[in-house]
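Here's the letter readout for the chains.
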Amino acid sequence: MLTTLDDTIKDNIQHALEEAKKSHQSVIVSRIKEVDAIDPLHFFSSGEESWLGERFFWSTPTDDYTMVGLGNELVLENHLDNSERFREIEKEWKRLNKRVVSDHHKIIGTGPLLFGGFSFDPLKEKSSIWDAFSEAKFVLPTIMLTATNNKSYITINKLITPYDKLETCIQHFEQFVGENQNYHLDCEKGNEFASIELKTTEWVEAVQKATADIHKNEMDKVVLAREVHLEFTEKIDPYQLVGRLQKEQPTSFIFGFENGMQYFIGATPERLVKKKENQVLSTCLAGSIKRGTTTYEDNVLGQQLLQDDKNLNEHNIVVKMIKEVFKDCCYDVEVPNDPALLKIKNIQHLYTPVKGFAKEDQTLLSLVEKLHPTPALGGFPQVKAIEKIRELEPMHRGWYAAPIGWLDYEDNGEFVVAIRSGLIEGNKAALFAGCGIVAESDPKSEYFETRIKLKPMLSALGGVENE
Ligand SMILES: C=C(O[C@H]1C=CC=C(C(=O)O)[C@@H]1O)C(=O)O
Ligand SMILES: [Mg+2]
C-alpha cells in the first residue's frame, strides 16, 4: 500500500524509541499516506486472514467518513462503573505520546485514533451472550483505511514500548509496503434461518407495568427493549452483512466491531454526539411511524407523526434533556423549536438537531458520559428510568443502545447509539429493538414498532419478517 518507506518515518521511530526508553512509557508512531481509491468493504475483507476478530467498520450517512480498522495494535479496556469507565479511557488515551508522520496536511479521521464503545448499563447483571464485552473497550488499529472527500488514506500505527528494537519497528511499517488488493465481493443472499422471539409476553407485560408506573408519576418515560434470536443454516459473514446494510440503509451510520468470534453490527440513524474542534452536534431522535407504500400515504403518515401528542411527548422529553446538557457544556446552543421528519428505509422519526460550541473544559468523552443514556434509549428522569429497565426489561442490553464510535488524539470524533443492531456469532444472531414508553403508550402498537425497528437487520441478514 505504501510505495516506499522514507527516512522521516525511520527518524521518527528512532526518536520515539529514545523517548519511550527515557520516559519508561509507550509512544505511538503513526504513518499516514494518501493512496489510490480502495473499496472499504474489500479492505475489511482483506483483514480476514491476519486479523480475524480484530476489525472494525464505520461509515456515516453523509458519506463524509468511512473507516475500516484491521488489527488491535493497542486495546484500552475496563470494567468500571458509570462515569469512571469513560474517564479511564480518556486518561489512558491522553497519557500515550503520539508522533505522526504524514505526506499531506493532516485530515481528520486519519492518524492515531481509537474506535470502540461502551455497555449500556454496567450495573445490570451480565448474561452469557455479552460475556466477552467489557463496560468500555477501544482499539487503536494496526492499519486503517479512511475514505473521505473522495480520497483514501492509509494509517499504520505502531505502539513503541521501551523494550522494542529499532529493526522490528521498522519492519512493522515495511510489511505493508507494496501490498496488492484482490478481493471478491459476493453479496448474494440465500442463508435460510429460523427465528425465535424471546419473552414476548413478558415484554408486553413490562410495557403495561411501565405505563402504570408512569400514571403513578414514578417517571415520565422509559425505553423498553426486546430480543429476537435467529439461527441460520450457514455461518453469517460480517463482510456481506456490512455490505448489505450499507446498500440498504444509506441514510444510517453503519458500524461493525469484531470482538473475538463475535461481531456487533448495526445501522443506526441516531447520532449521540459529534465533535469537530470545538463544534458539537447531537441529534434528538424519538417518536416513530411506519413508511407508507405510496408517496401520498407516506406524507399522510409523516404529517400524522408531526401532530401526534404521544410521539411529540416521547420526542420532547429527549430534546429537553439534550438541550440542558448542551446549555451546561456549550455556548451558542441552537435548537429548532419544532421537530422535523427523518425518513429512513423502514421508518420515519421525529428529529431535532442540537448544535453548540464546547466550553474549554469539555471533551468528547465527557459529553458522551453526560448524554448517555438520553431519554431516547433510557428514559426520564434518567436514574429512575435505568432502574426500571433493570427491573422490567426481560433481556440484557450489553452494547445495544449504548455509545459506539471513534475519537482521535485532538479530541475530534463521533459517537452514535448502537440501535437497529445485532450480535452475531457463527450462524447465530441476536437482534434488539426498543421503544419509548410514555403515559399514552399502547403495548400492541409498541410491539408493532419494535418489529419495524428489527427490519434493517433482518433484511440485511437475508429475510424480512412477515407482518
Ligand atoms: C430504542 C430504539 O429506538 C429509539 C430511537 C428512535 C425512536 C424511538 C421510539 O420512537 O421509540 C426510540 O426511542 C430502537 O430502535 O431500538
Ligand atoms: Mg416510539
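Computed from a predicted structure; not experimentally measured.

K.L.:
Looking at this structure, how should I read the overall build of the chain?
P.N.:
Scanning the chain for helices and strands turns up 12 helices and 21 strands. Against the compact-globule benchmark of 23 Å for 467 residues, the chain has a radius of gyration of 22 Å, which places it among compact chains. Dimensions along the principal axes, computed over C-alpha positions, put the chain at roughly 70 × 50 × 40 Å. When burial is assessed residue by residue, the chain has 59% of its 467 residues classed as buried. The long-range fraction of contacts in the chain, counting pairs at least 24 apart against all pairs at least 6 apart in sequence, stands at 77%. Only carbon and sulfur atoms are counted for the fraction: they give 47% of the accessible area of the chain, which is about 19,500 Å². Counting 54 positive and 73 negative side-chain charges, the chain places the averaged centre of each group 2 Å from the other.

K.L.:
Would you mind going over the domain arrangement of the chain with me for this structure?
P.N.:
Where interface size is quoted, it is often the accessible area lost as the parts come together. In terms of domains, the chain is made up of domain 1 (7-174) and domain 2 (193-461). For domain 1 versus domain 2, the distance between C-alpha centres works out to 27 Å. Counting residues at the interface gives 53 residues for domain 1, matched by 59 residues for domain 2. Summed over both sides, the interface between domain 1 and domain 2 buries roughly 5,000 Å², with carbon and sulfur atoms accounting for 64% of that surface. Looking only at domain 1, the three residues that lose the most surface to domain 2 are F120, W130 and F133, adding up to 18% of its buried area. The interface formed by domain 1 and domain 2 contains four salt bridges.

K.L.:
What am I meant to see in the packing of helix α7 (residues 238-248) against helix α12 (residues 443-461) here?
P.N.:
For any two helices packed against each other, the geometry is given by the interaxial angle and the distance between the axes. Running from amino to carboxyl end, α7 crosses α12 at an angle of 125°, the nearest separation of the two axes being 9 Å. Judged by the inter-axis angle, α7 sits oblique to α12. In this structure, α7 crosses over α12, and the sense of that crossing is right-handed. Contacts between α7 and α12 involve L241, R244, L245 and E248 on the former and, on the latter, P456, M457, S459, A460 and L461. Classifying every residue of the contact of α7 with α12 by side-chain character gives six nonpolar, one polar and two charged.

K.L.:
Looking at this structure, how should I read the UniProt feature "domain: Chorismate-utilising enzyme C-terminal" (unreviewed entry) in the chain?
P.N.:
Feature annotation in UniProt places "domain: Chorismate-utilising enzyme C-terminal" (unreviewed entry) on residues 201-453, given in this structure's numbering. In residues 201-453, helix accounts for 35% and strand for 37%; the two terminal C-alpha atoms are 18 Å from one another.

K.L.:
What is the right way to read the packing of aromatic side chains from this model?
P.N.:
Each pair of aromatic rings is reported with the distance of its centres and the angle of its planes. All chains considered together, the criterion is met by 18 aromatic pairs. An angle of 75° between the planes, with centres 5.1 Å apart, marks the rings of F133 and W399 as edge-to-face. Of the two residues, F133 sits in the loop between β5 (113-118) and β6 (136-148) while W399 sits in the loop between α11 (382-392) and β18 (403-408), which places them 266 residues apart along the sequence. Assigned by exposure class, F133 and W399 land together as buried.

K.L.:
Looking at this structure, I do not really get the UniProt feature "binding site: Mg(2+)" (unreviewed entry) in the chain. What am I missing?
P.N.:
UniProt records the feature "binding site: Mg(2+)" (unreviewed entry) for E314 and E449 in the present numbering. These annotated residues cover 136 residues of sequence, but their C-alpha atoms sit close together, with the largest distance between any two at 13.6 Å. As for the lining of the largest cavity, the annotated residues named previously contribute E314. With respect to the secondary-structure elements, E314 resides in helix α9 (residues 309-329). In this structure, E314 is in contact with K221, A286, G287, G436, V438 and E449, ignoring residues within four places of it in sequence. Within the fold, E449 resides in helix α12. When residues no more than four places from it in sequence are discounted, the contact partners of E449 are S288, K310, E314 and C435.

K.L.:
Would you mind showing me how to read empty space enclosed by the protein here?
P.N.:
One way to see where empty space is left: roll a probe the size of a water molecule over the atoms. Evaluated as defined, the whole model comprises five cavities of 30 Å³ or more. Of the pockets and cavities examined, the largest cavity occupies roughly 170 Å³. Taken together, 20 residues line the largest cavity, and the ones lying closest to its centre are A376, I419, R420, G434 and K453. Tallying contributions element by element places strand β21 (residues 428-437) first for the lining of the largest cavity, with five residues. Looking at the lining of the largest cavity residue by residue, the class counts come to 10 nonpolar, five polar and five charged. The computed volume of the second largest cavity comes to approximately 70 Å³. Surrounding the second largest cavity, F120, D121, K124, I386, I389, R390, E393, M395, H396, R397 and G398 form its lining. Of the residues in the lining of the second largest cavity, the class split is four nonpolar, two polar and five charged. Of the residues that make up the lining of the second largest cavity, three or more belong to each of domain 1 (7-174) and domain 2 (193-461).

K.L.:
Explain the coordination of the magnesium ion (ligand 2) to me, please; I cannot follow it from the model alone.
P.N.:
As a benchmark, a tetrahedral metal site with four donors has ideal angles of 109.5 degrees, while an octahedral site with six donors has ideal angles of 90 or 180 degrees. Looking at the magnesium ion (ligand 2), one finds its protein donor set to be E314 (OE) and E449 (OE), positioned 2.2 to 2.3 Å from the metal centre. Taken as a pair, E314 in helix α9 and E449 in helix α12 lie far apart in primary sequence, 135 residues in all. No difference in accessibility class separates E314 from E449, as the two residues are buried.

K.L.:
How do you make sense of the pairing of strand β12 (residues 271-276) when you look at a structure like this?
P.N.:
Every regular strand shows the same layout, with side chains that alternate between the two sheet faces. Of all six residues in β12, five are buried; the element is thus mostly enclosed. Sheet topology note: the β12/strand β19 (residues 413-417) ladder contains four bridges and is antiparallel. Bridging from a neighbouring strand, K275 pairs with G413 of β19. Alignment of β12 against strand β13 (residues 279-290), held across three bridges, turns out to be antiparallel. Paired with K276 across the two strands is Q279, which belongs to β13. Taking the residues between adjacent antiparallel strands as the criterion, β12 and β13 are bridged by two residues, where E277 takes a positive phi near 55°.

Basis of the calculations
Residues numbered from 1 in each chain as written. Chains lettered and ligands numbered in written order. Predicted model: local features only at pLDDT ≥ 70, side-chain atom pairs only at ≥ 80, totals over all residues. Heavy atoms only, no water. Helix = DSSP H or I, 4+ residues; strand = E, 2+ residues; numbered from the N terminus. Rg over C-alpha atoms; globule rule 2.2 N^0.38 Å. Buried < 20%, exposed > 50% of the residue type's maximum accessible area, 1.4 Å probe, protein only. Contact = heavy atoms within 4.5 Å. Areas by Shrake-Rupley, 256 points an atom, 1.4 Å probe, with all protein chains shown as cover. Lys, Arg positive; Asp, Glu negative; His and termini not counted. Charge placed at Lys NZ, Arg CZ, Asp CG, Glu CD. Domains from an automatic or database assignment. Buried area = accessible area lost by both parts, 1.4 Å probe. Salt bridge = Lys/Arg side-chain N within 4 Å of Asp/Glu carboxyl O. Axes fitted to C-alpha atoms, helices over the stretch in contact; angles between N-to-C directions. Parallel < 35°, antiparallel > 145°, perpendicular 65-115°, else oblique. Left-handed = near helix turned anticlockwise from the far one by under 90°. Nonpolar A, V, L, I, M, F, W, Y, C, P; charged D, E, K, R; others polar. UniProt positions renumbered as here; feature names shortened; annotations may be inferred. Phe/Tyr/Trp six-rings, centres within 6.5 Å; stacked < 30°, edge-to-face > 60°. 1 Å grid on protein atoms, 1.4 Å probe; cavity = no way out; pocket = protein on both sides within 12 Å on 5 of 7 lines; lining within 4 Å. Points joined across faces, edges and corners; volume = space filled by probe spheres on them. Donors = N, O, S within 2.8 Å, 3.2 Å for Na, K, Ca; no water. Pairing = 2+ DSSP bridges.

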